[in-house]
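# Observations on chain architecture
Take a look at the letters that make up each chain.
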Amino acid sequence: MIHTQLYIDGQWQAPVAGGKRAILSPADETVIAEAAEGTRDDARLAIAAARRAFDGPWRNSTIRERAKLLNKIAELIDKDAENLARLESLNTGKTITESRTDMGDIAATFRYFAGLVASESGAVNEAPHHVISRTLREPVGVCGLITPWNYPLLQAAWKIAPALGAGNTVIIKPSNLTPLTTHRFAELLAELDLPAGVFNLVTGGAEVGAELAESVDVDLVSFTGGAYAGESIMKAATGNFKRIGLELGGKNPNIVFADADLDTAVDYALNAAFFHAGQVCSAGSRLMVEDAIYDEFIARLAERLPRIVIGNGFHAETQMGPVQSAAQHEKILKLVQMGVAEGARLVHGGKRPAGAVYEKGFWLEPTLLADVSADMKIAKEEIFGPVITAERFTSEEEVLRLANDTPYGLAAAVWTRDLDKANRMSRALRFGTVWVNDYHPYFPEAPWGGYKASGIGRELSRIGLDEYTELKHSYINLAPKPMGWFGA
Ligand code: NAD
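Residues numbered from 1 in each chain as written. Predicted model: local features only at pLDDT ≥ 70, side-chain atom pairs only at ≥ 80, totals over all residues. Heavy atoms only, no water.

### Regarding the pairing of strand β7 (residues 131–139)
- Of the pairings in the sheet, the one linking strand β6 (residues 123–125) to β7 comprises three bridges and is antiparallel in character. Paired with valine 124 across the strands is arginine 134, a residue of β7.
- Following β6, the chain reverses through five residues before pairing antiparallel with β7.
- Summarising the sheet, β7 and strand β21 (residues 469–477) pair through nine bridges and their orientation is antiparallel. Along β21, the bridge assignment pairs arginine 134 with serine 474. (Pairing = 2+ DSSP bridges. Helix = DSSP H or I, 4+ residues; strand = E, 2+ residues; numbered from the N terminus.)

### Topic: the layout of surface pockets
- Put simply, the largest pocket is a space of about 920 Å³.
- Trp149, Phe223, Gly225, Gly226 and Ala229 are the residues nearest the centre of the largest pocket, which is lined by 39 residues in total.
- Mapped by element, the contributors of at least two residues to the lining of the largest pocket are α7 (206–214), β11 (220–224), α8 (227–236) and α11 (326–342).
- Residues belonging to the lining of the largest pocket are distributed by class as follows: 18 nonpolar, 15 polar and six charged.
- Both domains that meet at the lining of the largest pocket, namely domain 1 (2–248 + 454–474) and domain 2 (253–436), each give it at least three residues.
- Estimated volume of the second largest pocket: approximately 470 Å³.
- In this structure, the second largest pocket is lined by 23 residues; those nearest its centre are Arg66, Leu136, Arg137, Glu138 and Pro139.
- No other element matches β7, which puts five residues into the lining of the second largest pocket. (1 Å grid on protein atoms, 1.4 Å probe; cavity = no way out; pocket = protein on both sides within 12 Å on 5 of 7 lines; lining within 4 Å. Points joined across faces, edges and corners; volume = space filled by probe spheres on them. Nonpolar A, V, L, I, M, F, W, Y, C, P; charged D, E, K, R; others polar. Domains from an automatic or database assignment.)

### Topic: the environment of alanine 210
- Summarising the element assignment, alanine 210 is placed in helix α7.
- Residue classification places alanine 210 among the partly exposed residues on the basis of a relative accessible area of 22%.
- Distance in space between the C-alpha atoms of alanine 210 and isoleucine 146 is 9.7 Å, their sequence separation being 64 residues. (Buried < 20%, exposed > 50% of the residue type's maximum accessible area, 1.4 Å probe, protein only.)

### Focus: α7
- Buried residues of α7: Val208, Gly209, Glu211, Leu212 and Ala213, and no others.
- Check the buried side of α7 and you find it contacts α1 (40–55), β8 (142–146), β9 (169–173), β11 and α8. (Contact = heavy atoms within 4.5 Å.)

### Topic: the UniProt feature "domain: Aldehyde dehydrogenase" (unreviewed entry) in the chain
- In this structure's numbering, the residues bearing the UniProt feature "domain: Aldehyde dehydrogenase" (unreviewed entry) are residues 20–473.
- For residues 20–473, the end-to-end C-alpha separation is 47 Å, with 41% helix and 19% strand making up the annotated structure. (UniProt positions renumbered as here; feature names shortened; annotations may be inferred.)

### Examining the domain arrangement of the chain
- Partitioning the chain into structural domains gives domain 1 (2–248 + 454–474) and domain 2 (253–436).
- Using only C-alpha atoms to locate each centre, domain 1 and domain 2 end up separated by 31 Å.
- At the junction of the two partners, domain 1 supplies 23 residues and domain 2 supplies 27 residues.
- For the pairing of domain 1 and domain 2, the buried interface totals around 2200 Å² over both sides, and the portion due to carbon and sulfur atoms is 60%.
- Counting the contacts that link domain 1 with domain 2 gives zero salt bridges.
- The tally of links from domain 1 across to domain 2 stands at ten residue pairs in polar contact (both at pLDDT 80 or more).
- Elements that contribute at least two residues to the side of domain 1 that touches domain 2 include exactly α3 (81–92) and α4 (96–118).
- For the side of domain 1 that touches domain 2, the element with the highest residue contribution is α3, accounting for five residues.
- A per-class count over the side of domain 1 that touches domain 2 returns eight nonpolar, nine polar and six charged. (Buried area = accessible area lost by both parts, 1.4 Å probe. Salt bridge = Lys/Arg side-chain N within 4 Å of Asp/Glu carboxyl O. Polar contact = N/O pair within 3.5 Å; in protein donor to acceptor, adjacent residues only side chain to side chain.)

### Notes on the packing of aromatic side chains
- If you walk through the whole model with that rule in mind, you get 14 aromatic pairs.
- Aromatic side chains phenylalanine 257 and phenylalanine 393 sit 5.3 Å apart centroid to centroid with 80° between the ring planes, which places their arrangement in the edge-to-face category. With phenylalanine 257 in the loop between β13 (253–256) and α9 (262–274) and phenylalanine 393 in strand β17 (residues 387–393), this pair connects stretches of sequence that are 136 residues apart.
- The buried category is assigned to phenylalanine 257, whose relative accessible area is 1%.
- Ring pairing ties together the aromatic residues Tyr7, Trp12, Phe110, Phe185 and Phe199, which thus form one cluster. (Phe/Tyr/Trp six-rings, centres within 6.5 Å; stacked < 30°, edge-to-face > 60°.)

### Some remarks on the sheet that holds strand β5 (residues 31–36)
- As summarised here, the arrangement of the three strands in space is β1-β5-β4, forming an open sheet in which the pairing is mixed. Two strands bound the open sheet, and with one partner strand each, they are β1 (2–3) and β4 (20–24).
- Pairing geometry for β4 and β5, over five bridges, is antiparallel. Bridging from a neighbouring strand, lysine 20 pairs with alanine 36 of β5.

Listed below in structure tokens is the structure:
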């Protein structure tokens, strides 16, 4: 059994109040770990340590040192990748193949930001000859980083790499449902000779996150999670007008036009919706299919769904694992029932799979609800599980209006062979990412984030690094002399 601790000010320690939390395997509900459950007091200790480190040695670290650090972290991730992947699958239920991909992406993220940091340089601005005017990028200060349970270490990496790379100090708070890989990551960092307080880990629930959002000693909060917590973080941040980055939920349309390559679009529609059992902020759960091919599309999906291999993520043949928690399991089933009550046609799934191995654990069949209309609740709410809702449309104008008619704006996809239409749709869809003839790819070089209620700010890319910096105009008068100002 794994036991975890907090990592504060360069020391491993138990929470002040001694809190512990049992971590369950989503596959069979056995207790796989006893995790330290921190409180506001632990968050305060970590904030104070991060503050001291920022005001102390770390502030004078050079970009060369920080780029080297990020490259070193990438190396450590590579070396520990299989162990980390196994921990991630154990804790989240996702397949080991998905977790291995995550670990590769995490190392790539650290390497990408190492390269960016190493190439950082301020700008010299045009100014009178007796003046040196420079635009400098400086770290923001103490950063509180709050992550969700679906991509625990990947989301942490998207924040930690640019935050440390830009010269900030950090407190990372993973979801208390899935703290294991972030804890292992802290163990890897503890082997390095980072100054105490530069990197801190406080595991625990919402109150730890709330302390990070409220504290006037925290200069920036970067949060990935649901809209409800995002809203409370935004309000709390006004205490000292701290910088905020919010990566929130999505209701992501996957739009298939009649001229699309049908075989490919069907195949990708399944990956869009069932990758990580649909627990992906950008999951393509809202399928919108043009009238002329709608019936055939649904029939083809219906043929594939019973063949999806549901099982333990560690088994090589498994295509889809369980959902992460009992609460999530219950919420998804309720939404499916609501959809049926609203008039949607349940084509497949909507229940726990039959069989002794599925009696314990948070298992769900891949689910397809057809004939959904845009006014139904299931067409509007984020389901965050293995559920496709399918809507029929008759024109480009109609699908554009319906797809954009959501408070969210994270990701969308369009399937068509018509390049002009692809371009029109890419421009008109109000989403942070629009894929054409593909679904799900993301990489450190491109920005990630949402329009509207899907968030504020962007992660990854150069912009993702800039979010962790302040811009300073440094002006030096090289030849000061009296000018005869007031009363001379
Ligand atoms: P959540 O909002 O319940 O929790 C996210 C994190 O915030 C956890 O660490 C939690 O402990 C903490 N938290 C909860 N309440 C808080 C509060 N009031 N103040 C401060 N911290 C608080 O989200 P979740 O259920 O863990 O994750 C699922 C959600 O995350 C989905 O809505 C999903 O779309 C979203 N998500 C978005 C992205 C993205 O890139 N946009 C990526 C992954 C997940």
